[in-house]
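# Topology and contacts: notes
For reference, the chains in residue letters:
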Amino acid sequence: MLSEEKNRLLTEVGPGKPMGDYLRRYWHPIAGASEFDDKAVKPLRILGEDLVLYKDLSGNYGLVDRRCPHRNADMSYGYVEQCGLRCSYHGWQYDQSGQCVHQPFEETLDPGARMRRNTRIKAYPVQEKAGLLWAYMGPQPAPLLPDWELFNCANGFAQAVFAEIPCNWFQCQENSIDPVHFEWTHNNWTTRLQGDEGPYVPTHLKLAFEEFEHGFVYKRLRGGEREDNVMWTTGRVTLWPNGFFLGHHFEWRVPIDDHNTLSVLWVLSRVPSEQEPYVQERIPSWYGPIKDPVTGRWITSHVANQDFVVWVGQGTVTDRTREKLGQSDKGIVMMRRRFFEELEAMQADPAHEPKGLIRDPEKNRNVFLPSACRDEMINGLPRKELAAHPLLGPYLKDFFGQAGQPDEVRAAYEKAIGQKVEGATFFKVHGAGAEEEAREESRKEAREEV
């Protein structure tokens, strides 16, 4: 367990807070680029700051303070120009750097524009990559936005999925270094949600955690598995500081503020080799629901939604003074300790270089992360082999990552893979045993008979 003081260190993310200042040293995904296909301005809150994200008429993105410094008008109701965003109250216009570039009435009376030149709005740089819009809110010079290898994988259909979760970011991130939860939150809970009382999947026998440049690797071995199993030889990545990498998808937990988190899921589904070459023209992004509108209960059918339930169930900011950690929590202890070391180092020396930043352009090309399915993602598989793959195969049946996939995204995916998906209610995910697979086939046959 932790003291209240240490718990606050991990969870408080506003300006001037140690963790808030630390996280501002990294690039964070804050929106999908496709969101701006039909709008130009979006209000958002990130790391406790109220901001406005926009795309101007020249196609450039900007991220600025939500309040105009003139009379505090709401810039989310501003409108874009060829350069930047103009306040709808008195027409003051700001470029990407936050510099005021036009004050219509004031410049009429002051042709030298002294006031305009001395007026700036808070602004942060934005970059587009892999269909996501990324923001950097820390001191300059900014590190490079990581060019992860998966972003450049050919013949894949990518989509970005968002949800706003009403709890603190850190309990979401702790989930990424907790392999045992998969056995219970996803495999066994799904069995019970389908109305079956068992059997449960084999339990975990061994866990291992290793730190590397870009985070931690966790490895696990379950009953009935040999030590040459890819989950034990390669494992999965807890991506520093607030991500998760599972070989074919990323997850990020971006703090909105101390009490809310933006969940970002980026999935790349490799098309069968029979469909190659496949080139995706536009990466769709969408927001998924988190509660059933009829019952008001949390959605539990999809993997990410099951995670949302257990995150929020811990409380808005979980009270770590009351917890009782066990042997399965070794990775969580390691991650917390590393954060405390980093925060202490930055407090002692503001010039401290945080863990995992990339500044050398030569090192920022197809940046490697350990992956349990790297070869399959790079080289592809024929349809039959892809369907049988324990990690990638379930995506040929349906998108089980998060609930609410729009019809148009589903249709585009079906066109990409060259087949219809099943539209399942529940999903067999990696780790389920042969018994569960047989039950799912039985259910499928029953549905077809009906």
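Refer to the preceding data block for the structure.
Residues numbered from 1 in each chain as written. Predicted model: local features only at pLDDT ≥ 70, side-chain atom pairs only at ≥ 80, totals over all residues. Heavy atoms only, no water.

### Here we look at the overall build of the protein
Secondary structure assignment for the protein yields 14 helices and 19 strands. Here the C-alpha atoms of the protein give a radius of gyration of 23 Å, agreeing with the 22 Å that 2.2 N^0.38 yields for 450 residues. Dimensions of the protein, computed from C-alpha atoms along their principal axes, come out at roughly 80 × 50 × 50 Å. Buried positions account for 55% of the 450 residues belonging to the protein. Across the protein, every contact between residues at least 6 apart in sequence was considered, and the portion connecting residues at least 24 apart equals 65%. A total of about 20,200 Å² of accessible surface is found on the protein, and carbon and sulfur atoms cover 49% of it. (Helix = DSSP H or I, 4+ residues; strand = E, 2+ residues; numbered from the N terminus. Rg over C-alpha atoms; globule rule 2.2 N^0.38 Å. Buried < 20%, exposed > 50% of the residue type's maximum accessible area, 1.4 Å probe, protein only. Contact = heavy atoms within 4.5 Å. Areas by Shrake-Rupley, 256 points an atom, 1.4 Å probe, with all protein chains shown as cover.)

### Looking at the layout of surface pockets
Taken as a whole, the second largest pocket holds about 340 Å³ of empty space. Elements with a contribution of two residues or more to the lining of the second largest pocket: α5 (169-174), α6 (180-193), α8 (303-312) and α9 (330-348). By residue class, the composition of the lining of the second largest pocket is 4 nonpolar, 6 polar and 8 charged. (1 Å grid on protein atoms, 1.4 Å probe; cavity = no way out; pocket = protein on both sides within 12 Å on 5 of 7 lines; lining within 4 Å. Points joined across faces, edges and corners; volume = space filled by probe spheres on them. Nonpolar A, V, L, I, M, F, W, Y, C, P; charged D, E, K, R; others polar.)

### What about the packing of aromatic side chains?
Using the criterion set out here, one finds 25 aromatic pairs in the structure. Measuring from centroid to centroid gives 5.5 Å for Phe170 and Phe339, while their planes differ by 75°, and the two rings are edge-to-face. Highlighted residues: Phe170 in helix α5 and Phe339 in helix α9, separated in sequence by 169 residues. Accessibility assignment for this pair places Phe170 and Phe339 in one class, buried. Arranged with centres 5.4 Å apart and planes meeting at 55°, the rings of Phe308 and Trp311 form a pair that is tilted. Residue Phe308 and its partner Trp311 are both found in helix α8; the two are separated by 3 residues, about one turn of the helix. Neither residue differs from the other here; Phe308 and Trp311 are each classed as buried. What links up through ring pairs into an aromatic cluster is the set Tyr22, Tyr26, Trp169, Phe170, Phe216, Trp240 and Phe339. (Phe/Tyr/Trp six-rings, centres within 6.5 Å; stacked < 30°, edge-to-face > 60°.)

### Here's the deal with the sheet that holds strand β10 (residues 126-129)
Ordered in space as β1-β11-β10, the 3 strands form an open sheet in which the pairing is antiparallel. The open sheet has two free edges, formed respectively by β1 (27-32) and β10, since each of these has just one partner strand. Across this sheet, the average inter-strand angle for adjacent strands is 35°, counted without regard to direction. Judged from the 4 bridges that link them, β10 and strand β11 (residues 132-136) form a sheet pairing that is antiparallel. For Glu128, the partnering residue across the bridge sits in β11 and is Leu133. (Pairing = 2+ DSSP bridges. Axes fitted to C-alpha atoms, helices over the stretch in contact; angles between N-to-C directions.)

### Concerning the nonpolar core
Membership of the largest hydrophobic core comes to 94 residues, with the highest contact counts inside it found for Phe250, Trp252 and Trp266. Per-element tally for this core: the top contributor is α9, with 7 residues. The next biggest cluster of nonpolar side chains, apart from the first, holds 14 residues, and it includes Val64, Val80, Cys87 and Cys100. (Core = buried A, V, L, I, M, F, W, Y, C linked by side-chain atoms within 4.5 Å.)

### Details of the state of the cysteines
This model, assessed by the stated rule, comprises 0 disulfides. For the unlinked cysteine Cys68, the closest cysteine sulfur is that of Cys87, found at 4.1 Å. Among the cysteines around Cys83, which has no disulfide bond, Cys100 carries the closest sulfur, lying 11 Å off. Assessed through its relative accessible area of 38%, Cys83 is described here as partly exposed. (Disulfide = S-S within 2.5 Å.)

### Description of the pattern of salt bridges
Within the structure shown, the criterion is met by 32 salt bridges. The shortest N-O distance in the salt bridge between Arg282 and Asp37 comes to 2.6 Å. Placement of Arg282 in the loop between β18 (260-270) and β19 (285-287) and of Asp37 in the loop between β1 and β2 (41-46) is noted, with a sequence separation of 245 residues between them. Judged by its relative accessible area of 52%, Asp37 falls in the exposed class. Here Arg45 ties to Asp257 by a salt bridge, and the two come within 2.9 Å at their closest N and O atoms. In this pair, Arg45 sits in strand β2 while Asp257 sits in strand β17 (residues 249-257), placing the two residues 212 residues apart along the sequence. A residue is classified by how much of its surface remains accessible, and Asp257, at 13% relative accessible area, is buried. (Salt bridge = Lys/Arg side-chain N within 4 Å of Asp/Glu carboxyl O.)

### Describing the packing of helix α1 (residues 4-11) against α9
Angle between the axes and distance between the axes: these two values describe a pair of packed helices. Packing of α1 against α9 leaves a shortest axis separation of 11 Å and a crossing angle of 80°. Put simply, α1 runs roughly perpendicular to α9. Between α1 and α9, the residues in contact are Lys6, Leu9 and Leu10 and Arg336, Phe339, Phe340 and Leu343, respectively. Of the residues belonging to the contact of α1 with α9, the class tally is 5 nonpolar, no polar and 2 charged. (Parallel < 35°, antiparallel > 145°, perpendicular 65-115°, else oblique.)

### Notes on α1
Working note: α-helix, 3.6 residues per turn, so residues spaced by three or four point in the same direction. All buried positions along α1 are accounted for by Asn7, Leu10 and Thr11. Buried residues of α1, viewed axially, fall in a sector of 85°; they line one side. Residues of α1 that are buried sit in contact with α2 (18-23), α5 and α9. (Arc of directions from axis to C-beta.)

### Regarding the side chain of His204
Within the fold, His204 resides in strand β13 (residues 204-212). A polar side-chain atom of His204 sits 2.6 Å from a polar atom in the side chain of Glu183. Not counting the four nearest positions on each side in its chain, His204 is found in contact with Pro179, Val180, Glu183, Arg220, Leu221 and Arg222. (Polar contact = N/O pair within 3.5 Å; in protein donor to acceptor, adjacent residues only side chain to side chain.)

### Some thoughts on the sheet that holds strand β3 (residues 49-55)
Within the open sheet, the 4 strands sit side by side as β2-β3-β4-β9. Their pairing is antiparallel. Only two strands of the sheet have a single neighbouring strand rather than two, namely β2 and β9 (123-124). Bridge count between β2 and β3: 6 bridges; the pairing is antiparallel. In the strand pairing of β3, Lys42 is matched with Leu53.

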